[in-house]
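So you can see what is in the structure, the chains are spelled out below.
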There are 2 protein chains.
Amino acid sequence: MRRTAALILIGNEILSGRTRDDNIQFLATRLGELGIPLREIRVIPDIRETIVETVTELRARFDEVFTTGGIGPTHDDITAPCMAEAFGVPWEFHPATFKLLEDFFGAEKFNAARQRMAKLPRGATPIPNSVSVAPGFTIGNVHVMAGVPRIMRSMFEALAPSLKQGAPVFSRTWYTPSLYEGTLAEGLEAIQDKFPDLDLGSYPFHREDGRRGVALVAKGQDKAEVEAAAQAIYDLLKEKGGAPVEGEPPP
Amino acid sequence: MRRTAALILIGNEILSGRTRDDNIQFLATRLGELGIPLREIRVIPDIRETIVETVTELRARFDEVFTTGGIGPTHDDITAPCMAEAFGVPWEFHPATFKLLEDFFGAEKFNAARQRMAKLPRGATPIPNSVSVAPGFTIGNVHVMAGVPRIMRSMFEALAPSLKQGAPVFSRTWYTPSLYEGTLAEGLEAIQDKFPDLDLGSYPFHREDGRRGVALVAKGQDKAEVEAAAQAIYDLLKEKGGAPVEGEPPP
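It should be emphasised that the depicted structure is a prediction, and the values quoted were computed from it without experimental measurement.

Q: Explain the pattern of salt bridges to me, please; I cannot follow it from the model alone.
A: Two side chains bearing opposite charge may form a pair once their charged atoms approach each other closely. Following the criterion strictly, the structure yields 36 salt bridges over all chains and no others. Glu64(A) is paired through a salt bridge with Arg3(A); the nearest N and O atoms lie 3.2 Å apart. Separated by 61 residues along the polypeptide, Glu64(A) in strand E3 (residues 64–68) and Arg3(A) in the segment before strand E1 (5–10) bring together distant segments of the chain. Judged by relative accessible area, Glu64(A) falls into the buried class, the value being 8%. As a salt-bridge pair, Asp22(B) and Arg153(B) come within 3.9 Å of each other at their nearest N and O atoms. One end of the pair, Asp22(B), is in the loop between helix H1 (12–15) and helix H2 (24–33); the other, Arg153(B), is in helix H7 (residues 149–159), with 131 residues separating them in the sequence. Since its relative accessible area comes to 36%, Asp22(B) is described here as partly exposed. Several salt bridges share partner residues, and in doing so they unite Glu40(A), Arg42(A), Glu57(A) and Arg61(A) into one network.

Here you go:
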């Protein structure tokens, strides 16, 4: 069974270059392992219309949608009210989340900004995490997580057992130095034609110190097909005079 | 003058988790410096319909669109024909690019796969680069670049002088350990209300070794306003008992 996921990173810090993303690769890898491969990623600013339109579009196109960012206490944290708007439900205090936050901060420090974090879309289910009280939640097929990587990862692992998994994806990689894509393209296309259900990827590398070459990846849900394609890739690399090494090229 | 940019990363390697993106932060930073801030990023697979629809939508919504990936010689390199389709023009041999590639590879190694790289959308202008013969090009407001970071950067710098710049964005950052967003949210919102044209960002950090705190960023095109808001941020951090330090928190 094929299942698909999309990811929305909400916030200005990636778009401005301030922060280097540290969430995409983790989620892409974990979702692949769960058989819910990531098919699209969007990075969008903290703008209400953009958030509402993006989530409305993607939740209709993909089985699961994950978001990160915008669930803190500041004026630019608007993910929760935007999700309420996208689902056409009220944004209201969630009693269990209110109590969790009140107990954590203590009555005196539980000010208006922090109380605002206890408001969720009606019908949302909180996503717990072990490292903070950040209020992640699931509504429909949309999973709203924190942007801070440690917190996001904890939320994702709390969520993972409840996600409906697809068939796992198998992958085999060969790389070779000194051969280039142009030499391999024709042979690789012939392998792709023989295994139309697999994703065959060709990834040139070109390091600062001058090392160059190409990595070829076979990916798919049928393990025997992936193995057969990997063998064909090995044979192609040998035929073209390469020195195939299993795995990813060193950085 | 406000100008805007969008970025499309084309290819499966980021979506599968195979590769950690190494292009976004560079482009976000450089576009900010040129006064053409990045407003949206999409990561999409090598699927014809998806590429054509995405570029058609984004080139209408933003002043400049940059793409990376999919311009090599293999079967999954389909960015150039997709751009031709999006612009409704033929995808055809570009004589100068053909000659450049033929001279580089030599007639014997200039096989069909490599010749395919010499086909561009009609009306495209090549983007040169100093580290390879990868065939980047501009068509309309869309700039098609390589996915390999070194080549992409060289293409971007070749392109930069010809981009119409907007007003540069100024930025000041303070961080403080031991204060959290919830303590600062109300004061920060008051500063945002006073400077509605600025982007005030609040970025909590939470390191593996337990260091926590928050960074506050004021950004905008009016330098005096940015300075005034930075002073107000400093005053807020002092008032709340913080120890403000200029700049980004250490990793």
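There is more to say, and it comes next.
Q: Explain the domain arrangement of chain A here, please?
A: By a widespread convention, an interface's size corresponds to the accessible area lost as its parts come together. Assigned domains of chain A: these are domain 1 (5–162) and domain 2 (170–246). Computed over C-alpha atoms only, the centres of domain 1 of chain A and domain 2 of chain A are separated by 38 Å.

Q: Looking at this structure, I do not really get the sheet that holds strand E10 (residues 199–206) of chain A. What am I missing?
A: Residues and elements named next belong to chain A. The strand order across the open sheet formed by four strands is E10-E11-E9-E12, and the pairing between neighbours is antiparallel. Every other strand in the sheet has two partners, leaving E10 and strand E12 (245–246) as the edge strands with one partner each. Sheet topology note: the E10/strand E11 (residues 212–220) ladder contains eight bridges and is antiparallel. Residue pairing for E11: Pro204 is matched across the bridge by Val214. Helix-sheet contacts for helix H8 (residues 181–194) involve E10 and E11, and the interaxial angle to E10 is about 170°. Sheet strands in contact with helix H9 (residues 223–239) are strand E9 (170–177), E10 and E11, and its direction is about 10° off that of E9.

Q: I keep staring at the sheet that holds strand E6 (residues 125–127) of chain A and nothing clicks. Help me out?
A: Note on sheets: strands pair through backbone hydrogen bonds, and any given pair is parallel or antiparallel. As summarised here, the arrangement of the 12 strands in space is E6(A)-E7(A)-E8(A)-E3(A)-E1(A)-E2(A)-E2(B)-E1(B)-E3(B)-E8(B)-E7(B)-E6(B), forming an open sheet in which the pairing is mixed. In this open sheet, the two edge strands, each paired with only one partner strand, are E6 of chain A together with strand E6 (125–127) of chain B. Here the strands of the sheet are splayed against their neighbours by 20° on average, with no regard to which way each runs. With respect to the sheet, helix H4 (residues 79–87) of chain A is in contact with E1, E3, strand E7 (136–139) and strand E8 (142–145) of chain A, its orientation differing from that of E8(A) by roughly 170°. Set on the sheet, H2(B) makes contact with strand E1 (5–10), strand E2 (38–44), strand E3 (64–68) and strand E8 (142–145) of chain B; between it and E1(B) the angle comes to about 165°.

Q: Looking at this structure, how should I read the relation of the copies chain B and chain A?
A: Each of the two chain copies can be generated from the other by rotation about an axis followed by a shift along it. By a simple turn and slide, chain B fits onto chain A: the slide is 0.0 Å along the axis, the RMSD is 0.0 Å, and the turn is 180°. On this basis, the relationship between the two copies can be described by a two-fold rotation axis. Residue Arg42(B), judged by its C-alpha, is the member of chain B lying nearest the rotation axis, at 2.3 Å. Both copies present the same face, since 100% of the interface residues in chain B are matched by interface residues at the equivalent positions in chain A.

Q: What is the right way to look at H2(B) in this model?
A: Think of an α-helix as turning once every 3.6 residues; residues three or four places apart then point the same way. In terms of burial, H2(B) is largely enclosed, as seven of its 10 residues are buried. Taken residue by residue, H2(B) has Ile24(B), Phe26(B), Leu27(B), Ala28(B), Arg30(B), Leu31(B) and Gly32(B) as its buried positions. Where H2(B) is buried, its residues touch helix H1 (12–15) of chain A together with E1, E2, E3, E8 and H7 of chain B. Backbone geometry just downstream of H2(B) places Gly35(B) in the positive-phi region, at approximately 75°.

Q: Sorry if this is basic, but what is going on with the interface of chain B and chain A here?
A: On the side of chain A, 58 residues touch chain B, which itself brings 58 residues to the contact. Taken together, both faces of the contact between chain B and chain A bury some 4,900 Å²; the carbon and sulfur share is 52%. Broken down residue by residue, the surface that chain B buries against chain A is led by Arg18(B), Arg20(B) and His75(B), which jointly contribute 15%. Viewed at the interface, chain A and chain B are joined by six salt bridges. Between Glu248(B) and Arg18(A) there is a salt bridge; the shortest N-O distance is 2.6 Å. Between chain B and chain A we count 18 residue pairs in polar contact (both at pLDDT 80 or more) in total. Listed by contribution, the elements that provide at least two residues to the side of chain B that touches chain A are H1, H2, E2, helix H6 (112–116), H7, helix H8 (181–194), strand E10 (199–206) and strand E11 (212–220) of chain B. For the side of chain B that touches chain A, the per-class residue count stands at 23 nonpolar, 17 polar and 18 charged.

Q: Mind showing me how you'd approach the environment of Tyr180(B) here?
A: Along the chain, Tyr180(B) turns up in the loop between strand E9 (170–177) and H8. Along the chain, Tyr180(B) and Val214(B) lie 34 residues apart, while their C-alpha atoms are 5.9 Å from each other. In contact with Tyr180(B), other than residues within four places in its own chain, are Arg114(A), Arg212(B) and Gly213(B).

Q: So what exactly am I meant to see when it comes to the packing of helix H3 (residues 48–61) of chain B against helix H4 (residues 79–87) of chain B here?
A: The relative placement of two packed helices comes down to the angle between their axes together with the axis-to-axis distance. All names here are of chain B. Two numbers describe how H3 lies on H4: the axes approach to 9 Å, and their chain directions differ by 50°. In terms of orientation, H3 and H4 fall into the oblique class. Seen from above, H3 lies across H4 with right-handed handedness. Side by side, H3 and H4 meet where Arg48, Ile51, Val52, Val55, Thr56 and Arg59 of the first sit next to Cys82, Met83, Glu85, Ala86 and Phe87 of the second. Grouping the constituent residues of the contact of H3 with H4 by class yields seven nonpolar, one polar and three charged.

Q: Help me understand the nonpolar core, please; the structure alone is not making it clear to me.
A: A general tendency of soluble globular proteins is for nonpolar side chains to be buried together. With 101 residues, the main nonpolar core has Phe66(A), Phe156(A), Phe66(B) and Phe156(B) as its most contacted residues. Excluding residues that lie within four positions of it along the chain, Phe66(A) makes contacts with Ala5(A), Ala6(A), Leu7(A), Ile8(A), Leu31(A), His143(A), Met145(A), Phe156(A), Leu159(A) and Leu163(A).

Q: Where do I start with unusual backbone geometry in this structure?
A: Residues other than glycine predominantly adopt negative phi, and peptide bonds predominantly adopt the trans conformation. The residue Ser178(A) is not glycine, and still its phi comes out positive at about 70°. Locating Ser178(A) in the fold gives a position in the loop between E9 and H8.

Q: Could you clarify how one ought to interpret the side chain of Ser154(B) in this entry?
A: Looking at the secondary structure, you find Ser154(B) in helix H7. Setting aside its immediate chain neighbours within four residues, Ser154(B) contacts Pro128(B), Asn129(B), Ser130(B) and Val131(B).

Basis of the calculations
Residues numbered from 1 in each chain as written. Chains lettered and ligands numbered in written order. Predicted model: local features only at pLDDT ≥ 70, side-chain atom pairs only at ≥ 80, totals over all residues. Heavy atoms only, no water. Salt bridge = Lys/Arg side-chain N within 4 Å of Asp/Glu carboxyl O. Helix = DSSP H or I, 4+ residues; strand = E, 2+ residues; numbered from the N terminus. Buried < 20%, exposed > 50% of the residue type's maximum accessible area, 1.4 Å probe, protein only. Domains from an automatic or database assignment. Pairing = 2+ DSSP bridges. Contact = heavy atoms within 4.5 Å. Axes fitted to C-alpha atoms, helices over the stretch in contact; angles between N-to-C directions. Least-squares fit on C-alpha atoms with pLDDT ≥ 70 in both. Buried area = accessible area lost by both parts, 1.4 Å probe. Polar contact = N/O pair within 3.5 Å; in protein donor to acceptor, adjacent residues only side chain to side chain. Nonpolar A, V, L, I, M, F, W, Y, C, P; charged D, E, K, R; others polar. Parallel < 35°, antiparallel > 145°, perpendicular 65-115°, else oblique. Left-handed = near helix turned anticlockwise from the far one by under 90°. Core = buried A, V, L, I, M, F, W, Y, C linked by side-chain atoms within 4.5 Å.

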